[in-house]
Amino acid sequence: MSKVFSGVFAVLFIFSMLLVGGCSGEDKALLAQERDAANSQLQQTQAELSTACADLAVAETELAALKASFDAAQKTITELQAKASPRYFSSPIELANWLAKDPVSEEPDAMTYGAWYAKALRVQQNAAAEGFLVSVQYHYCDERHIIEYIACLTVVNGYMFMWNPETDDVELDPLWGTSKVI
């Protein structure tokens, strides 16, 4: 910037000297050469300034893109950190709200035990993807050689909750008592 001001000052000085007219022909020729040199330097400085402004605009655009990329990466890191340390649901309401959003219970009823168990495993997988701990169990009746039920289980405030993955009807059996979460 100071180059621009110096160049402008030099040109103005030369013009003022030429206008005064108190110079000899030789002085005028010398002043004209200096004027031309100052004009050339001013044009070069203006070209450099234009290039610098263009470079700055490119750098600002790159900075904005990098900032957007950084913000997206930071969001991803935050989401991954939430999932990296799975936890139990903090309340029955949080569990009920999560189950209401989970799509597995909206699927058609399973026609086989394997399909029913697979639905329970999908609930477990969906919960894990959002950072929650859910286990799957089934109860097999030896006398009749059938599976009596398949259920998803989780712990909420030390109490075990169970639900059918096809209905999302959560049950709390007081006989289970509380469990210590390690």
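An unreviewed UniProt entry lists the protein chain under the name Lipoprotein, with Dehalogenimonas sp. 4OHTPN given as the organism.

## Notes on the pattern of salt bridges
Per the stated rule, a full pass over the model turns up four salt bridges. The residue Glu107 makes a salt bridge to Arg122 at a minimum N-O spacing of 2.3 Å. On the criterion of sequence distance, the pair formed by Glu107 in the loop between helix H3 (92-101) and helix H4 (113-129) and Arg122 in helix H4 is long-range, its members being 15 residues apart.

## Observations concerning the side chain of Glu166
By the secondary structure assignment, Glu166 is in the loop between strand S3 (159-163) and strand S4 (170-172). Polar contacts involving the side chain of Glu166 include one to the side chain of Lys119, which spans 3.3 Å.

## Focus on H4
Residue pairs three or four apart in sequence face the same way in an α-helix, which turns once every 3.6 residues. Relative to the 24 Å expected for 17 residues at 1.5 Å per residue, H4 spans 24 Å between its end C-alpha atoms, a close match to the ideal helical length. Among the residues of H4, Trp116, Lys119, Ala120, Val123 and Ala127 are the ones counted as buried. In an axial view of H4, the angular spread of the buried residues amounts to 95°, which keeps them on one side of the axis. If you follow the buried residues of H4, they end up packed against H3, strand S1 (135-141), strand S2 (146-156) and S3. Gly131 lies just past H4 and shows a positive phi near 90°.

## Description of the pairing of S2
With eight of its 11 residues buried, S2 lies for the most part within the structure. Where S1 meets S2, seven bridges bridge the pair, whose relative direction is antiparallel. Each bridged residue has a counterpart across the sheet, and for Ser135 the counterpart in S2 is Leu153. Bridge count for S2 against S3 is five bridges, and the pairing is antiparallel. Residue Val155 lies in a different strand from S3, and its bridge partner there is Met160. The hairpin formed by S2 and S3 contains two residues between the paired strands, and Asn157 there has a positive phi angle of roughly 50°.

## Focus on the packing of aromatic side chains
Scanning all chains against the criterion turns up five aromatic pairs. A centroid spacing of 5.9 Å and a plane angle of 50° characterise the contact between Phe89 and Trp98, whose relative ring orientation is tilted. By relative accessible area, which is 2% here, Phe89 ends up buried. When the centroid spacing of 6.4 Å and the interplanar angle of 65° are considered together, the rings of Trp98 and Phe132 count as edge-to-face. On the criterion of sequence distance, the pair formed by Trp98 in helix H3 and Phe132 in the loop between H4 and S1 is long-range, its members being 34 residues apart. Residue Trp98 is classed as buried on the basis of its relative accessible area, which comes to 5%. An aromatic cluster of at least three residues, connected via ring pairs, comprises Phe89, Trp98 and Phe132.

## Some thoughts on the sheet that holds S1
Read across the sheet, four strands follow the order S1-S2-S3-S4 without closing on themselves; strand pairing throughout is antiparallel. Edge positions in the sheet fall to S1 and S4, since each of these pairs with one other strand and no more. Along the sheet, successive strands turn relative to each other by an average axial angle of 35°, direction set aside. Sheet strands touched by H3: S2, S3 and S4. Its angle to S3, the strand with the most contacts, is close to 20°. Contacting S1, S2 and S3, H4 crosses the sheet at an angle of about 5° to S2.

Conventions used here
- Residues numbered from 1 in each chain as written.
- Predicted model: local features only at pLDDT ≥ 70, side-chain atom pairs only at ≥ 80, totals over all residues.
- Heavy atoms only, no water.
- Salt bridge = Lys/Arg side-chain N within 4 Å of Asp/Glu carboxyl O.
- Helix = DSSP H or I, 4+ residues; strand = E, 2+ residues; numbered from the N terminus.
- Polar contact = N/O pair within 3.5 Å; in protein donor to acceptor, adjacent residues only side chain to side chain.
- Expected span 1.5 Å × (residues − 1).
- Buried < 20%, exposed > 50% of the residue type's maximum accessible area, 1.4 Å probe, protein only.
- Arc of directions from axis to C-beta.
- Contact = heavy atoms within 4.5 Å.
- Pairing = 2+ DSSP bridges.
- Phe/Tyr/Trp six-rings, centres within 6.5 Å; stacked < 30°, edge-to-face > 60°.
- Axes fitted to C-alpha atoms, helices over the stretch in contact; angles between N-to-C directions.

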